[in-house]
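Chain by chain, the residues run as shown.
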Amino acid sequence: TMSHSPSPHSPQDNSPQKDEHEPSHRHSPNPFAIPHSHDGHSCEGHHTHDSTLHHQNEYLDIEHYYQQHAQQAYQREEGTKKEASSVDRILDRFHLLSVIHTMQTYAKFQMITCNKIWHFFSNLKQEHFKMIPVRESILMPLSSAIDKNEVLLKAILTDYTEELSVIKQIQNHQLNLGFHIDELPSLENRSKLQSTIKQCARDWSSEGRVERDQCYKPILDELERQFPISKSERNKIRVLSPGSGLGRLPFEIVKRGFSSEGNEFSYFMLLCSNFFLNRIEEVGQYEIFPWVNHRSNLKERKHQFQPFKVPDEIPALHLQDNRAQFSMSAGDFIDLYSKQPSRWDVICTCFFIDTARNIFEYLETIRTALKPGGLWINFGPLLYHFADMSHHFSIEIAHDELMQVIQKMGFTIETQRFESSCNYVSHEDSMLRQEYECSFFVARLTEKKSSTETPSPHETIEQ
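Definitions and cut-offs
Residues numbered from 1 in each chain as written. Predicted model: local features only at pLDDT ≥ 70, side-chain atom pairs only at ≥ 80, totals over all residues. Heavy atoms only, no water. Helix = DSSP H or I, 4+ residues; strand = E, 2+ residues; numbered from the N terminus. Buried < 20%, exposed > 50% of the residue type's maximum accessible area, 1.4 Å probe, protein only. Contact = heavy atoms within 4.5 Å. Areas by Shrake-Rupley, 256 points an atom, 1.4 Å probe, with all protein chains shown as cover. Pairing = 2+ DSSP bridges. Axes fitted to C-alpha atoms, helices over the stretch in contact; angles between N-to-C directions. Phe/Tyr/Trp six-rings, centres within 6.5 Å; stacked < 30°, edge-to-face > 60°. Lys NZ or Arg CZ within 6 Å of the ring centre and 35° of its normal. Core = buried A, V, L, I, M, F, W, Y, C linked by side-chain atoms within 4.5 Å. Salt bridge = Lys/Arg side-chain N within 4 Å of Asp/Glu carboxyl O. Disulfide = S-S within 2.5 Å.

S.K.: Describe the overall build of the protein, with residues and values.
M.R.: Check the secondary structure of the protein and you find 15 helices and nine strands. Counting the 463 residues in the protein, one finds 57% classified as buried. For the protein, long-range pairs separated by at least 24 residues make up 76% of all intrachain contacts whose partners lie at least 6 apart in sequence. By element, 48% of the accessible surface of the protein is carried by carbon and sulfur atoms, the whole surface being about 20,600 Å².

So this is what it looks like as structure tokens:
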């Protein structure tokens, strides 16, 4: 659950938590590498840091301080598990502040983009400059769209007044940290926030239903097919959705009567999902403009400023009289759920398994967490997020090899097919659209092996 007190409609999470400030860093990522993500932006669920922070003095971002301070703490306290845990808490706390700082300064760094556009156009030849009304057709609607996006971000941050106060103290040197941080967030964090705003439109607007139906509907339909009982009787069936982003899939699952838990690692996603699930008062309460930063492949200028009303539903209304439990856990999937043996009846993964550095660990965790006879329902591609990155450990296996591994880990494949023309945060009017041919499969855990019986990758994949 989130670090603040839950609202009356915020279900309690009973899963083990490392710390109230959420995710633990299972791997220490290279600071100069940015993993892939399904929408083409830096990967949402992994904490990496922009290299410009280490080479340019004009940005001395909070995250730069976080890394240095955590390393100093580790050097001072090296040697015990308790001290290592303290470093984890420092990193988690500091990363949360960096995400909040990025949201807080959204309008500021976006206005730099406006100024850059004006500067470039104003340096054209006068005869060319007059051909397009830059101020009226680009800058004014851009500024208005940025303001509307900022309204939503400010609303999200109302739950984090304590963290905002800490950031202000750091900026005012009241904590005597020796760093001037009253500057812009990292380029990577800016990209992550822009991607998160697009995710808000995808998961919580009526226009986003097209994409949601492409990937969530096969999973939801399969759940209802597997459990053809009344909605009121489904609350005893426990369903886990790791990598659940803004929480729409686990919400759709609990709407159908199942006890549902989502799991997410990214603070950008966690802060926003907490807001949509707990704080919304009316449908279409906020108007956002997710494509304000897209200036290429526009058929028409108006497509850059297409508005989306969010949310399309009020989650609290569906949870009031629902007997099923609903929760969101924050943290690394492997760290949390490898310690929950035989707890879940169903695990649903959507655009998730390719976020692994080591997919064998994901599969092993899924097998551990499922009850004997439990179901794993998957939908998504195999765009391995850390592939081709020289400084990152990454295991990539082909789809046929994946099917072999799943069966050798004790699963029986009941259904498998490829779904074509699946989009992920795609603008329907763009001149460039990315489509996936996703794998949908249902696997039942028929043989519960212990982790010590798991064959190595060399033994598992048939050559």
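S.K.: Describe the sheet that holds strand 9 (residues 435–445), and please don't skip the residues or the numbers.
M.R.: Spatially, 5-2-1-6-7-9-8 is the arrangement adopted by the seven strands of the open sheet, whose pairing is mixed. Each edge of the sheet is formed by a strand with only one pairing partner; in this case those strands are strand 5 (326–330) and strand 8 (411–423). Taking the axes of each pair of neighbouring strands and ignoring which way they run, one obtains an average angle of 15° across the sheet. Here helix 8 (residues 209–226) sits on the sheet in contact with strand 1 (238–242), strand 6 (344–350), strand 7 (370–380), strand 8 and strand 9, set at roughly 155° to strand 7. Set on the sheet, helix 10 (residues 267–278) makes contact with strand 2 (259–264) and strand 5; between it and strand 5 the angle comes to about 165°.

S.K.: Mind laying out the packing of aromatic side chains, listing which residues take part and the relevant values?
M.R.: Evaluation of the coordinates by the stated rule reveals 17 aromatic pairs. Over the ring of Trp 344 we find Arg 238, and its NZ or CZ is 4.2 Å from the ring centre. Sitting over the ring of Phe 386, Arg 357 keeps its end group 4.0 Å from the ring centre.

S.K.: Explain the nonpolar core to me, and be specific about the residues and the numbers.
M.R.: In terms of nonpolar packing, the biggest core is built from 84 residues, with Met 103, Leu 223, Leu 271 and Val 346 touching the most fellow members. Looking at this core, the element that brings in the most residues is helix 5 (residues 134–156), giving 10 residues. Val 346 has contacts with Leu 223, Phe 227, Ile 237, Arg 238, Val 239, Leu 240, Leu 370, Leu 375 and Ile 377, leaving out every residue within four places of it along the chain. Residues Phe 360, Leu 363, Ile 406 and Ala 443 belong to the second largest nonpolar core, which totals 30 residues.

S.K.: Before we move on, could you go through the pattern of salt bridges and cite the residues and values that matter?
M.R.: Overall, the coordinates contain 20 salt bridges when judged by the stated rule. Arg 234 is paired through a salt bridge with Glu 224; the nearest N and O atoms lie 3.5 Å apart. With Arg 234 in the loop between helix 8 and strand 1 and Glu 224 in helix 8, the pair connects residues that are 10 residues apart, well separated along the chain. Among the residues examined, Arg 234 registers a relative accessible area of 7% and is labelled buried.

S.K.: Go over the state of the cysteines, please, and point to the residues and values.
M.R.: Simply put, disulfide is the name for a covalent bond between the sulfur atoms of two cysteines. A complete count under the given rule lists zero disulfides for this structure. In this model Cys 215 remains outside any disulfide bridge; the closest cysteine sulfur is found in Cys 350, 3.9 Å from its own. Between Cys 272, a free cysteine, and Cys 200, which holds the nearest cysteine sulfur, the sulfur-to-sulfur gap is 4.4 Å.

S.K.: If you had to explain the pairing of strand 2 to someone new, which residues and values would you point to?
M.R.: Along strand 2, six of the six residues are buried, which leaves the element largely enclosed by surrounding structure. Neither face of strand 2 is open: one carries Ser 259, Glu 261 and Asn 263, the other Ser 260, Gly 262 and Glu 264, and all of them are buried. As defined by bridge partners, strand 1 adjoins strand 2 across five bridges and the pair is classed as parallel. If you follow Arg 238 over to strand 2, its bridge partner there is Ser 259. In the sheet, strand 2 pairs with strand 5 via five bridges, with the strands oriented parallel. For Glu 264, the partnering residue across the bridge sits in strand 5 and is Ala 330.

S.K.: Can you explain unusual backbone geometry? Please cite residues and give values.
M.R.: At the junction of Val 310 and Pro 311, the peptide bond is cis and its omega measures out at -5° in the coordinates. Structurally, the position occupied by Pro 311 is in the loop between strand 4 (308–310) and helix 11 (315–319). The backbone of Ser 342 shows a phi angle near 50°, a positive value even though the residue is not glycine. With respect to the element layout, Ser 342 can be found in the loop between helix 12 (333–337) and strand 6. Positive phi is not limited to glycine here, since Ser 421 has a value of about 55°. In this structure, Ser 421 sits in strand 8.

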